[in-house]
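# Geometric and topological summary
Residues per chain, in single letters:
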Amino acid sequence: MTAPAKDGTVAKAPDLPVSPSVQSRACPICDRADSDRLEAYSRNHWSVEQCPGCGHVYLKNPPGYSALEQDFAWQKTYASEHERRLQENPVAYRLDVATRFRHTWFRRTTAQKYRDWFGSGKILDIGCANSKDWFEGFTPYGIEISKELAEEADQLMRAKGGYCIFGPGASAIWQFPEAMFDGIVMSSYLEHEEQPLKVLLGAARALKPDGAIYVRVPNYGSINRRLVGRNWCGFRWPDHVNYFTVADLRTIAAKAGLRVRLLTPVRLPFDDNINALLTHDTMVPT
Ligand SMILES: [Zn+2]
């Protein structure tokens, strides 16, 4: 950790049964231990399995946080993933790259979206990388598992009044004071997190009563995943350790006292990602 919380006590994270050091885990949503291997979606020794209880699909044997901090930090795996996708599915992948204007469009309007969702105030980005973006009206805070990127982000955030904590989200989130944030961003993060429930519980605690959490994860329930199978863009071994459907997201959010509002409900079946706002369950959705 490079930046201990300055103005609050460190909370004790709940003692959930998943340990980052074990190489085989129970269902991250319902904690059922047994699961069925999905051969078509597994790759080499990375075993993608389905929970017979709640139906969630997840990587049974994630590499562990220390590996993520070093070997699997995603800025390093990006290059090899690019190469793999190009080789396995050149047409679809080139088309995907060619239509990246979607992301440019998103970046251009992110400031406005943040204002709509969070108003203003303190904003926490979990899995913030090196945090090049900053949005007017917000004090930026971050959590980042790559040491190198966390140090860069910490420097940038301190210049704007916030700071970045280095470490896994499931433990780092508990180092922020209770009800601190107006907004929490989990963009392309929760699918990497070995202990998503622990993160959501910590986020619910760190969120103001009227705050909101933005979540973007690959949409395992998409029609595209059913059509292209293991070539679906949401599969990444071993970086992605949870494959959420909307039902999965609602179930795990409810366990953390949060409710889910989908941001793109109409196009969702055709969308490779779920975009949603999570609020405290006592709040009336807008
Ligand atoms: Zn389950």
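Here, the structure is the one placed above.
Residues numbered from 1 in each chain as written. Predicted model: local features only at pLDDT ≥ 70, side-chain atom pairs only at ≥ 80, totals over all residues. Heavy atoms only, no water.

Turning our eyes to something else, we now look at the packing of helix α7 (residues 196-206) against helix α9 (residues 246-255). At a minimum axis distance of 8 Å, the contact between α7 and α9 shows a crossing angle of 55 degrees. With respect to their mutual orientation, α7 and α9 come out oblique. With respect to the hand of their crossing, α7 and α9 are arranged in right-handed fashion. For the pair α7 and α9, contact is made by P196, L197, L200 and L201 and by I252, A253 and K255, respectively. Of the residues contributing to the contact of α7 with α9, the split by class is six nonpolar, no polar and one charged. (Axes fitted to C-alpha atoms, helices over the stretch in contact; angles between N-to-C directions. Helix = DSSP H or I, 4+ residues; strand = E, 2+ residues; numbered from the N terminus. Parallel < 35°, antiparallel > 145°, perpendicular 65-115°, else oblique. Left-handed = near helix turned anticlockwise from the far one by under 90°. Contact = heavy atoms within 4.5 Å. Nonpolar A, V, L, I, M, F, W, Y, C, P; charged D, E, K, R; others polar.)

Moving on, we get to the coordination of the zinc ion. Those donors, C27 (SG), C30 (SG), C51 (SG) and C54 (SG), are the protein atoms that reach the zinc ion, and they lie 2.2 to 2.3 Å from it. One can describe the donor arrangement at the zinc ion as tetrahedral, given that its four donor atoms subtend angles of 97 to 120 degrees at the metal. If you list the donors of the zinc ion from N- to C-terminus, the spacing comes out as C-x2-C-x20-C-x2-C. Residue C27 is located in the segment before β1 (36-37), and its partner C51 is located in the loop between β2 (48-50) and β3 (57-59); the two are separated by 24 residues in the primary sequence. Residue C27 shares its accessibility class with C51, and that shared class is buried. (Donors = N, O, S within 2.8 Å, 3.2 Å for Na, K, Ca; no water. Tetrahedral: all angles 85-135°; square planar, octahedral: opposite > 155°, others 65-115°. Buried < 20%, exposed > 50% of the residue type's maximum accessible area, 1.4 Å probe, protein only.)

Quick look at the pattern of salt bridges now. One side chain can pair with another of opposite charge once the charged atoms of both are near each other. A full pass over the atoms with the stated rule returns eight salt bridges. K208 is the partner of D182 in a salt bridge, and the nearest nitrogen-oxygen pair spans 3.1 Å. Linking D182 in strand β7 (residues 181-187) with K208 in strand β8 (residues 207-218), this pair joins segments that are 26 residues apart in sequence. Residue classification places K208 among the partly exposed residues on the basis of a relative accessible area of 26%. One salt bridge connects D271 with R267, and the closest N-O pair in it is separated by 2.9 Å. (Salt bridge = Lys/Arg side-chain N within 4 Å of Asp/Glu carboxyl O.)

The subject of this paragraph is unusual backbone geometry. In the segment running from W237 into P238, the intervening peptide bond is cis, with an omega of 0 degrees. Within the secondary structure, P238 is located in the loop between α8 (223-228) and β9 (242-243).

Everything listed is a geometric property; what it means functionally is a separate question.
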